[in-house]
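Fold and contact review
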Amino acid sequence: MPREGAGWGAPQPLGEEVNSEAEELGPELHDGVLYFGSNRRGGAGGLDLYQSTRQGEGFERARPLPAPVNSPASEGDPTLSPDGRTLVFWRQVGTRLVLHRAERTPQGWTEPQPLPDRFNPGSQQITPAFSDDGRWLAFATDAASLQDRSGARAAGQGTLFDVYQAAWR
């Protein structure tokens, strides 16, 4: 969306090259490539990760990230390290959303591995993001609500998320 005066212009959909009849969410633009989740038809299962490269004023047709990144489980909220070599996202494992990492190699992405427990303290971890220098990973987690913070879960108000960060390197 172009800037207009002191503010931003009206948001514009990216068009059918990126959007589908299904849900698209969790976008991140990294070096001209848009990464996002979608539950569109033709994926590996549930919510999958897609990419679309900037092309002129728009984007090329979105395509799913290949296996082993996408799996029959749901994956979402992709983020890349500043150097673009590490992909972090959540994968549904049973009833949990567990942060995973995959490394980019000349042959493609490595098999995703769950991150250590310090990055997965709750039952759901979402919206990971690297710091600009790649030293920290921030993410939202329901870890505090699992400790029945303020009685919110007991009162049926749903899961509460807080933002955490942990040293990446």
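The text that follows walks through the structure, step by step, so that each part is easy to find. (Residues numbered from 1 in each chain as written. Predicted model: local features only at pLDDT ≥ 70, side-chain atom pairs only at ≥ 80, totals over all residues. Heavy atoms only, no water.)

With eight bridges connecting them, strand S9 (residues 86-93) and strand S10 (residues 96-105) associate as antiparallel partners. Note on S10: the bridge partner recorded for Arg-91 is Val-98. Linking S9 back to S10 in an antiparallel pair, the connection comprises two residues, with Gly-94 at a positive phi of about 65°. Here two bridges tie S10 to strand S12 (residues 113-114), and the two strands are oriented antiparallel to one another. Following the sheet pairing, His-100 is matched in S12 by Pro-114. In this structure, S10 lies alongside strand S11 (residues 108-109), joined through two bridges in antiparallel fashion. Bridged to Arg-104 within S11 is Trp-109. Joining the antiparallel neighbours S10 and S11 is a turn of two residues. (Pairing = 2+ DSSP bridges. Helix = DSSP H or I, 4+ residues; strand = E, 2+ residues; numbered from the N terminus.)

Looking at the secondary structure, you find Ala-138 in strand S14 (residues 136-141). In sequence terms Ala-138 and Pro-128 are ten residues apart; their C-alpha atoms lie 5.5 Å from each other. If sequence neighbours within four positions are ignored, Ala-138 has contacts with Thr-127, Pro-128, Ala-129, Tyr-164 and Gln-165. (Contact = heavy atoms within 4.5 Å.)

The next thing to look at is the nonpolar core. Core analysis: the largest hydrophobic core is formed by twelve residues, namely Leu-47, Val-88, Trp-90, Leu-97, Leu-99, Leu-115, Phe-119, Phe-130, Leu-137, Phe-139, Ala-166 and Trp-168. Where this core is concerned, the elements lending two or more residues are S9, S10 and S14. Excluding its chain neighbours within four sequence positions, the residues that come into contact with Phe-119 are Leu-99, Gln-125, Leu-137, Phe-139, Ala-166, Ala-167 and Trp-168. Of all hydrophobic cores here, the second largest spans ten residues; its members include Leu-65, Leu-80, Leu-87 and Trp-109. (Core = buried A, V, L, I, M, F, W, Y, C linked by side-chain atoms within 4.5 Å. Buried < 20%, exposed > 50% of the residue type's maximum accessible area, 1.4 Å probe, protein only.)

Attention shifts here to the packing of aromatic side chains. We describe a pair of aromatic rings using the distance from one ring centre to the other and the angle between the two ring planes. A complete count under the given rule lists five aromatic pairs for this structure. Between the aromatic rings of Phe-36 and Tyr-50, the centroid separation amounts to 6.0 Å while the plane-to-plane angle is 20°, which identifies the pairing as stacked. Of the two residues, Phe-36 is situated in strand S4 (residues 33-38) and Tyr-50 in strand S5 (residues 48-55); the sequence distance between them amounts to 14 residues. In this pair, the class of Phe-36 matches that of Tyr-50, namely buried. One aromatic cluster is present, built from ring pairs that chain together Phe-119, Phe-130, Phe-139, Tyr-164 and Trp-168. Geometry around Tyr-50 places Arg-40 over its ring, the cationic atom sitting 4.7 Å from the centre. (Phe/Tyr/Trp six-rings, centres within 6.5 Å; stacked < 30°, edge-to-face > 60°. Lys NZ or Arg CZ within 6 Å of the ring centre and 35° of its normal.)

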